[in-house]
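As a plain string of letters, each chain reads:
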Amino acid sequence: MTTEIDTGPATAQAQVELAIGGMTCASCAARIEKKLNRMDGVEATVNYATEKAKVSFREDVSVQDLIATVEATGYTAAEPEPPRPADEARPAAEADELRPLRERLTTAVLLSVPVIAMAMIPALQFEYWQWLSLTLAAPVVTYAAWPFHKAAWTNARHGAATMDTLISVGTSAAFLWSLWALFFGTAGTPGMTHPFELTIARSDGAANIYLEAAAGVTAFILAGRYFEARSKRKAGAALKALLELGAKDVTVLRDGGTEVRIPVAELKVGDRFLVRPGEKIATDGTVVEGSSAVDASMLTGESVPVEVGAGDAVTGATLNAGGRLVVEATRVGSDTQLARMARLVEDAQNGKAAAQRLADRISAVFVPVVIGLALATLAFWLGNGAGWAAAFTAAVAVLIIACPCALGLATPTALMVGTGRGAQLGILIKGPEVLESTRRVDTIVLDKTGTVTTGRMTLLATHTADGVTPSELLRLAGALENASEHPIAQAVAAGAVKETGGALPVPEDFANVPGLGVQGIVEGHAILVGRTQLLAEWAIHLPVDLERALAAAEAAGRTAIAVAWDGEARGVLEVADAVKDTSAEAIGRLRALGLTPILLTGDNKAVAQAVAAEVGIDADDVIAEVLPQDKVDVVKKLQAQGRSVAMVGDGVNDAAALAQADLGLAMGTGTDAAIEAGDLTLVRGDLRAAADAIRLSRRTLGTIRSNLFWAFAYNVGALPLAAAGLLNPMIAGAAMAFSSVFVVGNSLRLRSFKAS
């Protein structure tokens, strides 16, 4: 898929993602990336783990030019096919892409085990054992190792050397030496034996065969490649699960209300579709008829279903757990929240951290250096009289041990598993560079409305006059307010329904008094609900206890509503943007991570201080009465003080501040502008997810660093041992394969990360 990016008339850019074929190690990715970046106006990132290239290019460069460059490098490239529906049959070649590798591995293991056993155990070395070894090893070095030889030859034709070059040269050299020793030396003599040793032994080499090294190294490396490929598929499972969450078919209402069943792909913006209980909502939309509870746990991790009714927004792939809904589609296809989530995850997996870019540069020059080192080792031992066998053993061990496949997998596998696990928990990491930011941040700025608070008016407290019960006050006041569309009135009505647990009476003679409140008759009572001025117009005044309650509510930044009926004041209701139940706990978790929370809001100082006190933010860390356009200035000021700032927000007015911050965390329940500006997206509207996101990001970064350390340490430590002749080539191959499996296994531990 190609995307246009308009960056001005002179620098118009396009982006394309290419599926790369034929890569077998990290240095392959480095070669392709280098060739693409040499093209004028092209910037490319090639990821070995995902087997994709993300390329930005000028309008005077075509996608075919890019593909031709990759093919000229010795690999294949194509634009990825559009995703197929999960229930559509896949081609046989796609059904099990690991099958050819598994078949080669099975062949290698079954034939190598007896070859290795006979070479290691002198008791198994019967009269013609060496010829049986040759018979068994030949298919391993030819058929099973063919991908290595093919890749090495392709790269050699293009003047390059990769990890496959090391494997092919090492195994071929061991096999060809054995053939020479068997046919032209004394190794083919009946009854010939030689013990298995870890150290080199000086001899003329004519009686030594290395079939176990050739076969064993092939088997071990194939095993490493197979488990790497399997783990790459597991690491991408979260992304595939996201893409398969959506509904496949949808019932659309056509002219006259006729129900027509169509594939989701045919749905258009503006279509109205039916969602029955137990069905998935086909796409993002707005409820136009009906009410129900919607289970969004598969997207947000939130276990409690959300009640929705006419006018409420719903998200595609969520489950209708209750009644019948009619929904009008507002987003379809790649614009839906589900598609955006999948795109964010894949973009993050395609990126590279700074540490990985360093690893790629090293691996690109590593192969020729290692080949030079192997030749130097061979020359050194020959020059010191060790004999061809000893010198050859050490040189082959150098070639085998050096393959830095673990180096190339260190970052991509950790990033894939970390971002995939984050997606499952409702945390979307936009790119690998974000991970570095999470390590440095020491201050977190929290937008109040919609982040720390719910962002909607809620009934918080009820104060009654003598002789009036709370349920009576709420039933009568709520009935009158229910006829109004004002947000405060709706908050009172919703609170009344919740507290009384029943349907509200229908008012008569309802009237709205602009700027003051509402009035009407409910069950024979003449009721007033609104400001004290409305009551004063009817010569009604609050008793002392209700006046005190009203003053205290206003001092705390809440909206106080007076209620009267039949000529007397009956109560006071407090309405405000309620603090989320989880916000205080979230602040505690952020502090535990070493972050200083700062509350930022456009509300007045009294409201801000009250919210801060409730969630545990220090009064000195409250910045109130800030205009939307000034939020970015607040972030800049904190950065000028030497702080590394994270920002959490959900609105359009937060977008600039999110982009300015060192780390922007956008609430997924917020606006598209905020989500696009953020580095991390928190699908749940729960501030605790911010702490989880930072913990997961730091854990992922730590895994990448430990992977890189062990990959570097392994190569640096093992090469001298191999050059010194202290490692048998077969042992070197096993150790090399193990290092790749270790890196992958270390990365897969991120799958066990749990939200606290």
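Residues numbered from 1 in each chain as written. Predicted model: local features only at pLDDT ≥ 70, side-chain atom pairs only at ≥ 80, totals over all residues. Heavy atoms only, no water.

1. Side note on the nonpolar core
Among the nonpolar cores identified, the biggest contains 47 residues, and Ile444, Leu446, Leu599, Leu663, Leu665 and Leu687 are the most heavily contacted of them. Here Ile444 is in contact with Leu590, Leu595, Thr596, Pro597, Ile598, Ala646, Val648 and Ile694, once residues within four sequence places are set aside. Grouped together as the second largest cluster of nonpolar side chains are 37 residues, Leu105, Met118, Leu134 and Tyr210 included. (Core = buried A, V, L, I, M, F, W, Y, C linked by side-chain atoms within 4.5 Å. Buried < 20%, exposed > 50% of the residue type's maximum accessible area, 1.4 Å probe, protein only. Contact = heavy atoms within 4.5 Å.)

2. Side note on the side chain of Arg570
Structurally, Arg570 can be placed in strand 22 (residues 568-579). Despite its burial, Arg570 remains without a salt bridge, the nearest opposite charge being carried by Glu568 at 4.1 Å. (Helix = DSSP H or I, 4+ residues; strand = E, 2+ residues; numbered from the N terminus. Lys, Arg positive; Asp, Glu negative; His and termini not counted. Salt bridge = Lys/Arg side-chain N within 4 Å of Asp/Glu carboxyl O.)

3. Considering the confidence of the model for the chain
On average, the chain scores 78 in pLDDT, and the residues at 70 or more come to 79%. Ranking the elements of the chain by mean pLDDT puts helix 3 (residues 92-95) last, at 43, and helix 5 (residues 129-144) first, at 93. The low-confidence segment residues 1-11, where pLDDT is below 50, has 22 contacts with residues more than four positions distant or belonging to other chains. Counted against residues more than four places away or in other chains, residues 198-205, with its pLDDT under 50, gives 27 contacts. (pLDDT = per-residue confidence, 0-100.)

4. A word on unusual backbone geometry
A positive phi angle is found at Ala317, which is not glycine, with a value near 85°. Looking at the secondary structure, you find Ala317 in the loop between strand 12 (313-314) and strand 13 (319-320). Under the relative-accessibility criterion, Ala317 is labelled buried at 1%. For Glu523, which is not a glycine, the phi torsion comes out positive at approximately 50°. What makes Glu523 partly exposed here is its relative accessible area of 45%.

5. Things to note about the pairing of strand 8 (residues 272-275)
Within a regular beta strand, the side chains point alternately toward one face of the sheet and then the other, so they alternate between its two faces. Note: strand 6 (residues 249-253) against strand 8, 2 bridges, orientation antiparallel. The partner of Thr251 across the bridge, within strand 8, is Leu274. Two elements, strand 8 and strand 14 (residues 325-329), share 4 bridges in a ladder whose sense is antiparallel. Counted as the bridge partner of Leu274 is Val326 from strand 14. (Pairing = 2+ DSSP bridges.)

6. Digging into the packing of helix 4 (residues 99-120) against helix 5
Relative orientation of the contacting elements helix 4 and helix 5 amounts to 155°, with a least axis distance of 9 Å. It follows that helix 4 is roughly antiparallel to helix 5 by the angle criterion. The element helix 4 and its partner helix 5 pack so that their crossing is left-handed. Along the contact surface, helix 4 presents Glu103, Arg104, Thr107, Ala108, Leu111, Ser112, Pro114, Val115, Met118 and Ala119, while helix 5 presents Trp129, Leu132, Ser133, Leu136, Ala137, Pro139, Val140, Tyr143 and Ala144. (Axes fitted to C-alpha atoms, helices over the stretch in contact; angles between N-to-C directions. Parallel < 35°, antiparallel > 145°, perpendicular 65-115°, else oblique. Left-handed = near helix turned anticlockwise from the far one by under 90°.)

7. As for the environment of Ala77
With respect to the secondary-structure elements, Ala77 resides in strand 5 (residues 76-78). Separated by 11 residues in sequence, Ala77 and Leu66 have C-alpha atoms that sit 8.4 Å apart. Filtering out sequence-adjacent residues up to four positions away, Ala77 remains in contact with Leu18, Ala19, Ile20, Ile67, Val70 and Glu71.

8. Regarding the sheet that holds strand 24 (residues 622-623)
Ordered in space as 15-27-26-25-16-23-24, the 7 strands form an open sheet in which the pairing is mixed. Pairing within the sheet leaves two strands with one partner each, and these edge strands are strand 15 (427-429) and strand 24. Where strand 26 (residues 663-667) meets strand 27 (residues 680-682), 3 bridges bridge the pair, whose relative direction is parallel. Among the inter-strand pairings, Ala666 is bridged to a residue of strand 27, identified as Thr681.

9. Some details on the pattern of salt bridges
Under the criterion given, the structure shown has 17 salt bridges. A salt bridge links Arg591 to Asp618; the shortest N-O distance between them is 3.8 Å. Of the two residues, Arg591 is situated in helix 21 (residues 583-592) and Asp618 in the loop between helix 22 (605-615) and strand 24; the sequence distance between them amounts to 27 residues. For Asp618, a relative accessible area of 42% corresponds to the partly exposed category. Of the charged contacts in the structure, one is a salt bridge between Arg695 and Asp692, with a shortest N-O distance of 3.3 Å.

10. Looking at the environment of Arg421
Mapping Arg421 onto the fold places it in helix 14 (residues 405-424). Of the residues examined, Arg421 reaches a relative accessible area of 16% and is grouped as buried. Once the C-alpha coordinates of Arg421 and Leu748 are considered, the two residues, 327 residues apart in sequence, prove to be 9.9 Å apart. In contact with Arg421, not counting residues within four places along its chain, are Leu696, Leu750, Arg751, Phe753 and Lys754. A distance of 3.1 Å separates the side chain of Arg421 from the side chain of Gln424, its partner in a polar contact. A distance of 2.8 Å separates the side chain of Arg421 from the backbone oxygen of Phe753, its partner in a polar contact. (Polar contact = N/O pair within 3.5 Å; in protein donor to acceptor, adjacent residues only side chain to side chain.)

11. A look at helix 5
With 16 residues, helix 5 ought to run about 22 Å at 1.5 Å a step, and its terminal C-alpha atoms sit 22 Å apart, in line with that. Taken as a whole, helix 5 carries its principal kink of about 30° at Ala137; the proline Pro139 stands between one and four residues after it. Along helix 5, the positions that sit buried rather than exposed are Trp129, Gln130, Ser133, Leu134, Leu136, Ala137, Val140, Val141 and Ala144. (Expected span 1.5 Å × (residues − 1). Bend = angle between axes of the 7 residues up to and from the residue.)

12. Here we look at the sheet that holds strand 10 (residues 292-295)
Through backbone hydrogen bonds, the strands of a sheet pair up, either in parallel or in antiparallel fashion. Read across the open sheet, the 3 strands follow the order 11-10-13; overall the sheet is antiparallel. Taken across any chain shown, the strands that pair with only one partner, and hence form the sheet edges, are strand 11 (306-308) and strand 13. Bridging between strand 10 and strand 13 involves 2 bridges; their strand directions are antiparallel. Its bridge partner lying in strand 13, Asp295 is registered against Leu319.

13. Thoughts on the pairing of strand 16 (residues 443-447)
In terms of residue burial, strand 16 counts as a mostly covered element, since 5 of its 5 residues are buried. Covered by surrounding structure in strand 16 are Thr443, Val445 and Asp447 together with Ile444 and Leu446, the residues of both alternating faces.

14. Here we look at the packing of aromatic side chains
Aromatic ring pairs are defined here through the distance separating the ring centres and the angle between the ring planes. Within this structure, the stated rule accounts for 4 aromatic pairs. Ring geometry for Trp131 and Phe183: centres 5.4 Å apart, planes at 75°, overall edge-to-face. One end of the pair, Trp131, is in helix 5; the other, Phe183, is in helix 7 (residues 163-183), with 52 residues separating them in the sequence. Looking at Trp131, the relative accessible area reads 26%, which means it is partly exposed. (Phe/Tyr/Trp six-rings, centres within 6.5 Å; stacked < 30°, edge-to-face > 60°.)

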